[in-house]
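Listed below are the residues making up each chain.
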Amino acid sequence: MFRPLLTLTGGLIAALAVTAAQAKPLSPEDLSVAEVLRDRALESSDAYSIVESLTVEVGPRPAGSEGDRRAVAWAQQKMKALGFDRVYTEQIEVPRWNRGHAHARVVAPFPQPLVVTSLGYSVGTPQGGITAEIVEFADVEALIKAPARKVKGKIAFINKRMERARTGEGYGPAVGGRSKGMRAAAEKGAAALMIRSVGTDSDRFAHTGMMSIDGVENPVPALALSAPDANLLEAMLKRGKPVEVQLDVHNQRLEDGPSFNVIGEITGREKPQEVMIIGAHLDSWDEGTGALDDGAGVAVVMEAARMIAELPQRPRRTLRVVLFGAEEIGLVGAKQYVDAHRSELDNIVAVSESDFGAGKIWRFDTRLPENKFDIADQMMQLLAPLGIERGNNKSSGGPDSSVFVAQGVPAFGLYQDGSDYFDYHHTPNDTLDKVDADTLKQNVAAWVVMSFLAVEMEGDLGRVPTEH
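For clarity, every value in this text was computed on a predicted model and none was experimentally measured.

Visitor: What's the story with the overall build of the chain in this structure? I'm lost.
Guide: The number of helices and strands found in the chain is 14 helices and 14 strands. For the chain, whose C-alpha radius of gyration is 24 Å, the value lies close to the compact-globule estimate of 23 Å for 468 residues. When the backbone C-alpha atoms are referred to their principal axes, the chain occupies close to 75 × 40 × 40 Å. The buried share of the chain, taken over its 468 residues, is 58%. Partitioning the contacts of the chain with sequence separation of at least 6, the portion at a separation of at least 24 is 84%.

Below, the structure is given as structure tokens:
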């Protein structure tokens, strides 16, 4: 557990100096610079223009697509314009897929259309589509436990609702239907899978997303229903009559191809070989323009690095911004990065990622050895005035960062308010109008404090135990 949060008073600078003199990992001078950066970010940071540029000039960017290639070129050009010392790419190999159409319609007993979308990498239906009876399951575990005779030849319908939460903690219990449902349906001989969208909205949008496809023999079409249409099917089934649905789905699996991690560095003046990685993911799903997931994160970490680059001198260590490729389809860019740089992992002092939309940051988590909590304590003195509270020491740092944490790399987590994030997640509604420019400034202020102090501190953060 963490120590209680320090209450700040008007004598902030004096308190900072006293605390720093006692703990010494962060000097009073470094804390004062971080405070200036924080306040400057609240007044003049411009992350919004970066995410606006990405969504307008590139738009949707699924891994390995033409949009992805445009995004990689855009990111390199933008980093160079923002003053990074070094900008480069590292190629990764990704599975590729093109979305076609997906149509669904109840044909009996109450004919009417349904709003659906294909889950990522879903196969299509045979020529002419399929018509089959719906069989409902409360969650994916119920489908997995069901006898094959109950499922064979039918459309398995997983009707699991996601609960709204500021932390987004309702996602885990609900997403299993998306990630594991098609595999379970295919193994039991289902004709297809439909799931209630993994989201918290009541709009007639369906939420796409990746599912487990590796090693699945005879995969079946897999679709997400909008919440209102899941409600509709639920109400029909309660009437006790068989419900038949017609599906017509066309998608195309392509050959594997290249994508890239895009990397920009602010080179350290004293310990350039030691690196703090701050990241986001560059790819997005194709339904919206990827403004929240993860254009906002791209903008926040790039803008924080830009502000540090504009200081009179370079930080003590290297600040490395990694825009990971192919996160949406299984953290592909992060996994391949770690595999390619295993001999250098001990030089990564910490990692953190912005990938939870554009809401106000409200919590600061860490994953540090207990003897390094004093560094987080000092950071908190500058984060607390932003409305940020102390969290726990269980942070993964973000989805891509979790791959590094699994290797013992310390992590910081700055977590946005995700109360409405899953209203828009993986839908056509993930667009720029959902991003608030002033809230992004608060995000940048927090990120620039954490990032600057991590690259400027005199000591290091050690290693954290890995879980097996």
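Visitor: Which parts of the structure should I look at to understand the confidence of the model for the chain?
Guide: Predicted coordinates in areas of low pLDDT are best not read in detail. In this model, the chain carries a mean pLDDT of 94, and residues with pLDDT of at least 70 account for 94%. The low-confidence segment residues 1-23, where pLDDT is below 50, has 37 contacts with residues more than four positions distant or belonging to other chains.

Visitor: Mind showing me how you'd approach the layout of surface pockets here?
Guide: One way to see where empty space is left: roll a probe the size of a water molecule over the atoms. Of the volumes computed, that of the largest pocket is approximately 1000 Å³. If you trace the largest pocket, you find 41 residues lining it, with Tyr171, Glu327, Asp355, Gly398 and Pro399 closest to the centre. Mapped by element, the contributors of at least two residues to the lining of the largest pocket are α7 (171-187), β12 (361-367), β14 (411-416) and α13 (421-424). Taken together, the residues that form the lining of the largest pocket break down as 14 nonpolar, 16 polar and 11 charged.

Visitor: How should the pairing of strand β7 (residues 222-225) be read in this particular structure?
Guide: Here is the key point about a regular strand: its side chains alternate between the two faces of the sheet. Both faces of β7 are covered, namely the face carrying Ala222 and Ala224 and the face carrying Leu223 and Leu225. With three bridges connecting them, strand β3 (residues 116-118) and β7 associate as antiparallel partners. The residue bridging Ser118 from the neighbouring strand is Leu223, located in β7. As paired elements, strand β6 (residues 192-196) and β7 share four bridges and run parallel to each other. Residue pairing across strands places Ile195 opposite Ala224, the latter belonging to β7.

Visitor: Please clarify how empty space enclosed by the protein should be interpreted in this entry.
Guide: All told, the structure shown has two cavities of 30 Å³ or more when counted by the stated rule. If you add up the space inside the largest cavity, you get close to 40 Å³. Residues of the lining of the largest cavity, tallied by class, amount to one nonpolar, six polar and two charged. There is about 30 Å³ of room inside the second largest cavity. In terms of lining residues, the second largest cavity is bounded by Ile158, Lys160, Ala174, Gly177, Ile195, Arg196 and Val198. Sorting the residues of the lining of the second largest cavity by element identifies α7 and β6 as the ones contributing at least two each. Looking at the lining of the second largest cavity residue by residue, the classes come out as four nonpolar, one polar and two charged.

Visitor: What is the right way to look at the packing of helix α3 (residues 47-57) against helix α14 (residues 437-456) in this model?
Guide: Two numbers describe a pair of packed helices, the interaxial angle and the distance between the axes. As a packed pair, α3 and α14 sit with axes 8 Å apart at the nearest point and diverge in direction by 115°. It follows from the interaxial angle that α3 and α14 lie roughly perpendicular. Here Ala47, Tyr48 and Val51 of α3 lie close against α14, whose contacting residues are Ala437, Leu440 and Val444.

Visitor: I keep staring at the nonpolar core and nothing clicks. Help me out?
Guide: One broad rule of soluble globular proteins: the nonpolar side chains tend to lie buried together. Formed by 114 residues in total, the largest nonpolar core has its most connected members in Met276, Leu323, Phe364 and Phe412. With 13 residues, helix α9 (residues 291-309) is the single largest residue contributor to this core.

Visitor: Sorry, what's going on with helix α4 (residues 66-81) here?
Guide: Working note: α-helix, 3.6 residues per turn, so residues spaced by three or four point in the same direction. Under the 1.5 Å per step criterion, the end-to-end length of α4 is 23 Å for 16 residues, consistent within 8% with the ideal 22 Å. For α4, the complete set of buried residues consists of Gly67, Asp68, Ala71, Val72, Trp74, Ala75 and Met79. Taking the backbone nitrogen of Gly67 as reference, a side-chain oxygen 3.3 Å away marks Ser65 as the first, capping residue of α4. Just beyond α4, the residue with positive phi is Gly83, at close to 95°.

Visitor: Quick question: what am I supposed to make of the side chain of Ser226 here?
Guide: On the secondary structure map, Ser226 appears in the loop between β7 and α8 (227-237). Polar contacts involving the side chain of Ser226 include one to the side chain of Asp229, which spans 2.5 Å. Among all residues touching Ser226, those that are not within four sequence positions of it are Val115, Ser197, Asp203, Arg204, Phe205 and Ala206.

Visitor: Is there a simple way to think about the environment of Pro465 in this case?
Guide: By the secondary structure assignment, Pro465 is in the segment after α14. Overall, the relative accessible area of 65% leaves Pro465 in the exposed class.

Visitor: Hey, could you run me through the pattern of salt bridges in this one?
Guide: Between side chains of opposite charge, pairing is possible as soon as their charged atoms come close. In the structure shown here, the tally under the stated rule is 24 salt bridges. Between Asp423 and Arg164 there is a salt bridge whose closest N-O contact spans 3.1 Å. Separated by 259 residues along the polypeptide, Asp423 in helix α13 and Arg164 in the loop between β5 (155-158) and α7 bring together distant segments of the chain. The exposure class of Asp423 is buried, given its relative accessible area of 12%. As a salt-bridge pair, Arg204 and Asp229 come within 2.7 Å of each other at their nearest N and O atoms. Taken together, the positions of Arg204 in the loop between β6 and β7 and Asp229 in helix α8 put the pair 25 residues apart, joining distant regions of the chain.

Visitor: Explain the environment of Gln112 to me, please; I cannot follow it from the model alone.
Guide: Relative to the helices and strands, Gln112 resides in strand β2 (residues 112-114). Considering only alpha carbons, one finds Gln112 and Lys154, 42 residues apart in sequence, at a separation of 19 Å. When near neighbours in sequence (up to four residues on either side) are disregarded, Gln112 contacts Arg105, Val106, Leu232 and Met236.

The rules behind these values
- Within every chain, residues take consecutive numbers counted from 1 along the sequence as written.
- This being a predicted model, a pLDDT of at least 70 is required before a residue's local features are given, and a value of 80 or more before pairs of side-chain atoms are given or counted; all residues contribute to the totals for chains, interfaces and linings.
- Here the side-chain values reflect all heavy atoms present in the structure, with hydrogen atoms and water set aside.
- Each helix corresponds to a stretch of at least 4 residues labelled H or I by DSSP, and each strand to a stretch of at least 2 residues labelled E; elements are numbered beginning at the N terminus.
- Our radius of gyration looks at C-alpha atoms and nothing else; its globule reference is 2.2 Å times the residue count to the power 0.38.
- In this scheme, a residue with accessible area under 20% of its type's maximum is buried, one over 50% is exposed, and one in between is partly exposed, where area comes from a 1.4 Å probe on protein chains only.
- The contact definition used throughout considers only heavy atoms, calling two residues in contact when any of these lie within 4.5 Å.
- Values of pLDDT, ranging from 0 to 100, describe the predictor's confidence in every residue of the model.
- Using protein atoms alone on a 1 Å grid, points that fit a 1.4 Å probe yet trap it form a cavity, whereas open point sets bounded by protein on both sides within 12 Å along at least five of seven lines form a pocket; residues with an atom within 4 Å of a point count as lining.
- Grid points are joined across faces, edges and corners, and a volume is the space filled by probe spheres set on the points.
- Polar here means any residue other than Ala, Val, Leu, Ile, Met, Phe, Trp, Tyr, Cys and Pro, which are nonpolar, and Asp, Glu, Lys and Arg, which are charged; Gly is therefore polar.
- Any two strands are treated as partners once DSSP identifies two or more bridges connecting them.
- To get an axis, fit a line to the C-alpha atoms, keeping to the stretch in contact for a helix; angles then go from 0 to 180 degrees between the N-to-C directions.
- Roughly parallel covers angles under 35 degrees, roughly antiparallel covers those over 145, roughly perpendicular covers 65 to 115, and oblique covers all other angles.
- Among buried residues, those of type Ala, Val, Leu, Ile, Met, Phe, Trp, Tyr and Cys that are joined through side-chain atoms within 4.5 Å constitute a nonpolar core.
- Here the expected length of a helix is defined as 1.5 Å per residue gap, with one fewer gap than residues.
- Under the rule applied, a polar contact is a pair of N or O atoms within 3.5 Å (in protein, one hydrogen donor and one hydrogen acceptor; residues adjacent in sequence only if both atoms are side-chain atoms).
- Each salt bridge in this description consists of a side-chain nitrogen of Lys or Arg and a carboxyl oxygen of Asp or Glu lying within 4 Å of one another.

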